[in-house]
Number of protein chains: 2
Amino acid sequence: MTKNVRRSTIADVARQAGVSKATVSRFLNHRDTLLSPEIARRVEAAIAQLGYSPSPMAQALKRGRSRLIGLVVADITNPFSVAVLRGAEQACREAGYLVMLFNMGNEGDRESAGLQALSSYKVEGFILNTTGHDPGAALEAARQGKPIVLVDRRHEGLNVDFVSLDNQHAIALSCRHLLGAGYRELMLITEPLDKVSARIERKQAFHDFVQTHADEVSGCDVEAQDQTGLIEALKALRGRAAVATTGCPGGGVPAVIAANAVVTLRVIEAVAQLGWRLGHEIGLLGIDDTPWAPYIGPGISTVAQPTTELGRLTAHCLIQRLQGLDGPARQMLLKGKLMVRGSTRTGRGAEPA
Amino acid sequence: MTKNVRRSTIADVARQAGVSKATVSRFLNHRDTLLSPEIARRVEAAIAQLGYSPSPMAQALKRGRSRLIGLVVADITNPFSVAVLRGAEQACREAGYLVMLFNMGNEGDRESAGLQALSSYKVEGFILNTTGHDPGAALEAARQGKPIVLVDRRHEGLNVDFVSLDNQHAIALSCRHLLGAGYRELMLITEPLDKVSARIERKQAFHDFVQTHADEVSGCDVEAQDQTGLIEALKALRGRAAVATTGCPGGGVPAVIAANAVVTLRVIEAVAQLGWRLGHEIGLLGIDDTPWAPYIGPGISTVAQPTTELGRLTAHCLIQRLQGLDGPARQMLLKGKLMVRGSTRTGRGAEPA
DNA sequence: TTGTATGCGTTATCAA
DNA sequence: TTGATAACGCATACAA
């Protein structure tokens, strides 16, 4: 009713229960040991009556720990980041942690600033989905023994738990599917590598596959900068495919693997501009499933990442470390799932339109 | 080099500068008044040497303020929420605030839990994008004088600053466009209203428009629950349109307004299942622009919300309140922007395929 | 203009 | 088993 709504403190509880603050604190933190049942009851009642709950701030000041987890993400615009964030936030919350968010908005050099800001709030650990271009503060945090878990992107020089899609597997899965669908001329399109580990790994995996299947396919890759470059690359690809594989089933139709959802959309745009039809003049398979993938043209084939799982797993790793788990850095790679749709249905078994 | 990396405190600075802690604190907080230049220099040097920065936690404990802003969002899965979050986080960061995130994952009854968790960290104010089904804690916070700003969704009984798309304008814009394109039979499809103000307002605005233009159009609305219900509604709509407007230019083609991006996707799916072509057998206009809208079928016409702006504006409102701005609750409605694409190009002036 | 002392809400170290 | 009491890092009323 009145205006004075000061949250009750440990002192209030102590007074109400007729004991000392120390006793209340003990009840809270070491309930099991050292407590006469009678006093315990009184304290418990007082806490209930006053609706008391300890101030995390004061606890943080005293203990140096805060029940806070810092989450810094390179670009919250990226739907993949959001999906991970979602899983991680949920898992943290369930474990009694709150998430402090720092979004770098793709300014790679602000990473240290973010970590420091978060550090000053005594976050207990970090989940990082960043480039690692600005690793100073991360190394510092690691050195101080603050647990860090990386999602999706490794940092070189930072040997900590790492959770990610199994990129090797995802690419192999994609390539095998395209092979099975009759495509013989493949191209991987990624954003500029820019030292982002996921991009590098996907490209490497693609190279590996093409190398070990050199008798069946040929492949190349492009780092898509601008839309005109992308269009040129696609034209060149189709030229090669026509020459190389005339007579094959599927008649010289090439296929593109888009290394993430952003690229997928750009390829879709380019193909539209060229007036080609997905699944006819060109095959397309995108890494990252999206809600709209089924409805573009004949449907876009994708490899779906288990995004929420990735987020949850990341949080769990961190929380285990927070609870004292020791041991070498772990690496947890989750498998992607192939979603076959119309954009890769040309070729063997399908009649060209 | 060594392991002991204790952040330096105000006491360290004081010792280093040969002054008292109080003096250092004064330098930090009241630099302008009360300071001999000589001492100021010494303190400043010491701070620089030690790389000192104050602990926000300790400050929060002392002042009751924390440079923290609590952001609670109904469902971070929703791209619109993310876009707003992005703008808000950015603006907060620029103003020296950090964001604590609480995602309710669409569990409407956890709102109070979120506010309380955030409150205990002494966040200075709240940005809410929630249903308001569980308003207890919000009312409590407001009563305590903690500023709250609502985005996109009003809470009844909570008379605070509110930032949103101008729903009335967006719907009128949509309707006028459809009218101009020759559509005469309109239908608004929303998610179940569920007391969500944005949905209610859009529906109301639609009714208003239809009423005041009763001589030109007829319209109805549907709350889409499941996919089969949606399909039935679409069939019925097309039936009505065929009967009502034979002979009209555009020949009895109806149009649908999808009240948000989620609904848009569901309509797209339903239309695909019916084997209709967007822009031919049916018109479609969605509220919320998305990166994929141009590439579905002939392109989906949309009304784009200025999402980042909404987020930034929301944060600015809150920060103004934090800086002491008084006065009645404000309402800031931003205009949406019409993006015309192929899904609404049938009708007058366009020849049916 | 500067320093001393106190308290913010906890936890932890001592005695009792 | 419990209770004073001293920190944690900072801001401020008061004294100097």
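For chain A, an unreviewed UniProt entry supplies the name LacI family DNA-binding transcriptional regulator and the organism Pollutimonas harenae.

Caption draft 1: Just the packing of helix 2 (residues 21-29) of chain A against helix 3 (residues 37-50) of chain A, in detail. Residue and element names in this part refer to chain A. Where helix 2 meets helix 3, the axes come as close as 10 Å, and the angle between the chain directions of the two elements is 90°. Relative to helix 3, the element helix 2 lies roughly perpendicular. On helix 3, the residues that touch Thr23, Val24, Phe27 and Leu28 of helix 2 are Ile39, Ala40, Val43, Glu44 and Ile47. Of the residues belonging to the contact of helix 2 with helix 3, the class tally is 7 nonpolar, 1 polar and 1 charged.

Caption draft 2: View of the relation of the copies chain B and chain A. Once chain B has been moved 0.1 Å along the axis and rotated by 180°, it coincides with chain A to within an RMSD of 0.2 Å. Each copy turns onto its partner about a two-fold axis. Looking at the interface residues of chain B, 100% of them are also at the interface in chain A, so both copies use one shared face.

Caption draft 3: Spatial organisation of the protein's contact with DNA strand C. Around DNA strand C, the structure places 26 residues, and the nearest of them are Ile10 of chain A together with Thr23, Arg26, Ser36 and Lys62 of chain B. Expressed as a percentage, the sugar and phosphate content of the atoms of DNA strand C within 4 Å of the protein is 55%. Ser20 of chain B has a polar backbone atom sitting 3.2 Å from a phosphate oxygen of DNA strand C. Secondary-structure elements contributing two or more residues to the surface near DNA strand C are helix 2 and helix 4 (56-63) of chain A together with helix 2 (21-29) and helix 4 (56-63) of chain B. Classifying every residue of the surface near DNA strand C gives 11 nonpolar, 10 polar and 5 charged.

Caption draft 4: Layout of the protein's contact with DNA strand D. Surveying the vicinity of DNA strand D reveals 27 residues, the closest of which are Thr23, Arg26, Ser36 and Lys62 of chain A together with Ile10 of chain B. At 3.4 Å, a side-chain N or O of Asn29 of chain B approaches a phosphate oxygen of DNA strand D. Here a phosphate oxygen of DNA strand D and a side-chain polar atom of Gln59 of chain B are 2.7 Å apart. Contributions of two or more residues to the surface near DNA strand D are made by helix 2 and helix 4 of chain A together with helix 2 and helix 4 of chain B. The element contributing the most residues to the surface near DNA strand D is helix 2 of chain B, with 5 residues.

Caption draft 5: Region of the structure containing the interface of chain B and chain A. If you look at the interface, chain B gives 44 residues, while chain A gives 44 residues. When chain B packs against chain A, the two sides together hide about 4100 Å² of surface, and 67% of this comes from carbon and sulfur. Considering only the surface of chain B that becomes buried against chain A, Met57, Tyr121 and Tyr295 of chain B emerge as the three largest contributors, covering 19% of it. Linking chain B to chain A there are 2 salt bridges.

Caption draft 6: The domain arrangement of chain A, seen in detail. Along its sequence, chain A is organised into domain 1 (10-54), domain 2 (68-165 + 308-334) and domain 3 (167-305 + 337-344). A straight line from the C-alpha centre of domain 1 of chain A to that of domain 2 of chain A covers 36 Å.

Caption draft 7: Local environment of the packing of aromatic side chains. Residues and elements named next belong to chain B. One pass over the full model with this rule turns up 0 aromatic pairs over all chains. The ring of Phe27 is capped by Arg31, whose NZ or CZ atom sits 4.4 Å from the centre of that ring. Positioned above the aromatic ring of Tyr97 is the side chain of Arg67, whose terminal nitrogen or guanidinium carbon lies 4.3 Å from the ring centre.

The rules behind the values
Within any chain, residue numbers begin from 1 and follow the written order of that chain's sequence. Ligands are numbered from 1 and chains lettered from A, in the order in which they are written. In view of the model being predicted, local features appear only for residues whose pLDDT reaches at least 70, and side-chain atom pairs are presented and counted only at 80 or more, with totals across whole chains, interfaces and linings using the full set of residues. The side-chain values count all of the structure's non-hydrogen atoms but skip hydrogen atoms and water molecules. Axis angles are defined between N-to-C directions and span 0 to 180 degrees, where every axis is a line fitted to C-alpha atoms and, for a helix, only to the segment in contact. Helical segments are the DSSP runs of H or I of at least four residues, strand segments are the runs of E of at least two, and each set is numbered from the N terminus. Angle categories are assigned with fixed cut-offs, so that under 35 degrees is roughly parallel, over 145 is roughly antiparallel, 65 to 115 is roughly perpendicular, and the rest are oblique. The criterion used for residue contact is that any of the two residues' heavy atoms lie within 4.5 Å. Amino acids are sorted into nonpolar (Ala, Val, Leu, Ile, Met, Phe, Trp, Tyr, Cys and Pro), charged (Asp, Glu, Lys and Arg) and polar (every other residue, Gly among them). To superpose the copies, least squares is applied to the C-alpha atoms of every residue with a pLDDT of at least 70 in both. Throughout this document, a residue counts as near a molecule or strand when at least one of its heavy atoms sits within 4 Å of that molecule or strand. N or O atoms within 3.5 Å of each other form a polar contact, as long as, within protein, one can give a hydrogen and the other can take it, and as long as residues adjacent in sequence are counted only when both atoms are side-chain atoms. Using a 1.4 Å probe, buried area is obtained as the accessible area two parts lose upon being combined, added over both of them. By convention in these notes, a salt bridge is any Lys or Arg side-chain nitrogen within 4 Å of a carboxyl oxygen on Asp or Glu. Domain extents, as shown, originate in an automatic or database domain assignment. Centres within 6.5 Å are what make two rings of Phe, Tyr or Trp a pair, Trp counting through its six-membered ring; a difference in plane orientation under 30 degrees is then read as stacked, over 60 as edge-to-face, and the rest as tilted. Distance and angle both matter: a charge sits over a ring if NZ of Lys or CZ of Arg is within 6 Å of the ring centre and within 35 degrees of the ring normal.

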